[in-house]
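A look at the structure
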Amino acid sequence: VQKLVADYYESLYRYAYRLTGCSADAEDLTQEAFCQAQMKLSQLRDQNRAKAWLFSILRNAYLHRLRAEKHEPRLSLDGMSDLAQPVPESLPEVDPERLQRALNELEEVFRTPIILYYFEDFTYREIAEQMDLPMGTVMSRLARAKSYLRTRLLQPVSELATDGSRRANDGL
Amino acid sequence: MMDCNTARLLLNFARPASTELEASEAEALQNHLGDCTECAALAQSQRAADAILKRAMQAVPLPEGLHLRLMKRLDRERDAWWWRRIRRVAAVAAALLLAVGGAWIWWRDSRPELDPTLIQAAAQRASNLNSPKDVEEWYRQRGVTMVAPTQFDYQWFLSPNFGKLPGTNRQVPLLVFWRPGDKAVLAQVFVVSKRQFNLEQFAPNDQISWNYQGLYVIRSAPPNENFAYVVLSSGGPLDRLFKPAAAQ
């Protein structure tokens, strides 16, 4: 388990942070995930799948906490289109904290795949396996989440202000 | 030829150096992007947007000392796990020991003592079967018709049973007589029937018809001459087990 910690603690902590939006919760979650991994180490038969296995343990631990907590209603993207939307030509860098706020507003079912997609370059198949979902569902959720993040974070501020009513109608 | 809507849908799944799309889809998309400047511009801007979002997504500072704290926590958990395991094994072992100990004590205390005095008293009382009729009824209740020997004194009757007649494979009624005393005598009486064995060589006169060092064959008297009694005796003389009249 020491090697697993050395190899993956950074990415696991960052994943946890993007899921929870809080460094203390992220550290707790990371510790819990490694503790569980230590207990279940015999279940890991293929070392090449160690990362996906650890991420899966962490997500399950997170979902377990989520169910135990009362939380604010999150944003659902069910009404959004899967089609790629145009983005402005000149793109600003995104403030990581602003990104986190946008992620926090998302339902977990959209937040997890988008984090896994951008953060660790997991394939669609790996994301589908981790979330125990059909690949088509993952692809659709990812497309909507990407579209949401681009619209939310990469539109010029002035455009965002004038587009407020339209975004509301789009489920944003 | 791929249309723009399909191409824009697939753009979401087309990552550089990725094989998410089927080869045919990826090729068709590339062909479309080569032909359609609008979709090509969109693809370029999407990739740029993805690169920016990816950078932002990964920009999570690590807390100072995280690795050390993780290792310490894992050490604590491992120690706690071992203690839990040791306690559990110890509890199971203790429960097992208790159960085995209890069973052993129960077994030790539940065995009756072997008391010769009791055996002597019980043997002298003999059984509650006090006559040939009682013995015949005992066997009849077990589905066996037999005629008990009449010359024995049933105050010395010890127990009815079944046993294999030596030298044969036949299970037959087995009566045990025992008379304690200075000339104690024990006799096993196997009751054999004419249906099972040819008894013609033994006369049906209700007398001892053969004596060979403790082995007797007694043929029952008419009208019940269908039975014979093979007696294996040891100890004192057999007539000590007979009724006074028969002994004479």
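Each remark here, short or long, concerns the structure printed above.
My aim in this report is to walk through the structure given alongside it, one point at a time. (Residues numbered from 1 in each chain as written. Chains lettered and ligands numbered in written order. Predicted model: local features only at pLDDT ≥ 70, side-chain atom pairs only at ≥ 80, totals over all residues. Heavy atoms only, no water.)

Details of the interface of chain B and chain A
- Contacts between chain B and chain A engage 36 residues on the former and 48 residues on the latter.
- Taken together, both faces of the contact between chain B and chain A bury some 4100 Å²; the carbon and sulfur share is 64%.
- For the chain B face of the interface with chain A, the top three residues by lost area are B:Asn12, B:Leu53 and B:Met57, together amounting to 17%.
- Across the chain B-chain A interface, the total number found is 3 salt bridges.
- Residue A:Glu27 is joined to B:Arg69 by a salt bridge in which the shortest nitrogen-to-oxygen separation is 2.4 Å.
- Taken together, the elements giving at least two residues each to the side of chain B that touches chain A come down to α1 (4-11), α3 (37-58) and α4 (66-110) of chain B.
- Element by element, the count of residues in the side of chain B that touches chain A is highest for α3(B), at 13 residues.
- Grouping the amino acids of the side of chain B that touches chain A by side-chain chemistry returns 20 nonpolar, 6 polar and 10 charged. (Contact = heavy atoms within 4.5 Å. Buried area = accessible area lost by both parts, 1.4 Å probe. Salt bridge = Lys/Arg side-chain N within 4 Å of Asp/Glu carboxyl O. Helix = DSSP H or I, 4+ residues; strand = E, 2+ residues; numbered from the N terminus. Nonpolar A, V, L, I, M, F, W, Y, C, P; charged D, E, K, R; others polar.)

A short note on the pairing of strand β3 (residues 185-193) of chain B
Residue and element names in this part refer to chain B.
- Most of β3 sits out of view: 7 of its 9 residues are buried.
- Pairing between strand β2 (residues 171-179) and β3: 6 bridges, direction antiparallel. Across the sheet, phenylalanine 177 pairs through a bridge with alanine 187, a residue of β3. (Buried < 20%, exposed > 50% of the residue type's maximum accessible area, 1.4 Å probe, protein only. Pairing = 2+ DSSP bridges.)

Points about the nonpolar core
- Counting 76 residues, the largest nonpolar core has A:Phe34, A:Leu99, A:Leu149 and B:Leu29 as its most contacted members.
- A per-element tally of this core places helix α3 (residues 50-68) of chain A first, with 11 residues.
- Residues B:Phe157, B:Phe177, B:Val185 and B:Val191 belong to the second largest nonpolar core, which totals 25 residues. (Core = buried A, V, L, I, M, F, W, Y, C linked by side-chain atoms within 4.5 Å.)

Digging into unusual backbone geometry
- Phi is positive for A:Asp132, close to 55°, though the residue is something other than glycine.
- Positionally, A:Asp132 belongs in the loop between α6 (124-131) and α7 (135-154).

Remarks on the side chain of A:Thr112
- Here A:Thr112 is to be found in helix α5 (residues 108-120).
- Sequence-distant contacts of A:Thr112, defined by excluding residues within four places in its chain, comprise A:Tyr15, A:Leu19, A:Arg59 and A:Met131.

Digging into the packing of helix α2 (residues 23-39) of chain A against α3(A)
Residues and elements named next belong to chain A.
- It is at 9 Å that the axes of α2 and α3 come closest, and there the two elements cross at 120°. The angle between the axes of α2 and α3 places the two elements in the oblique class. Considering how the two elements wind past one another, α2 and α3 form a crossing that is right-handed. Facing α2, whose interface residues are Asp25, Asp28, Leu29, Thr30, Glu32, Ala33, Phe34, Gln36 and Ala37, α3 presents Trp53, Leu54, Ile57, Leu58, Ala61, Tyr62 and Arg65.
- Here the residues of the contact of α2 with α3 are counted per class, giving 10 nonpolar, 2 polar and 4 charged. (Axes fitted to C-alpha atoms, helices over the stretch in contact; angles between N-to-C directions. Parallel < 35°, antiparallel > 145°, perpendicular 65-115°, else oblique. Left-handed = near helix turned anticlockwise from the far one by under 90°.)

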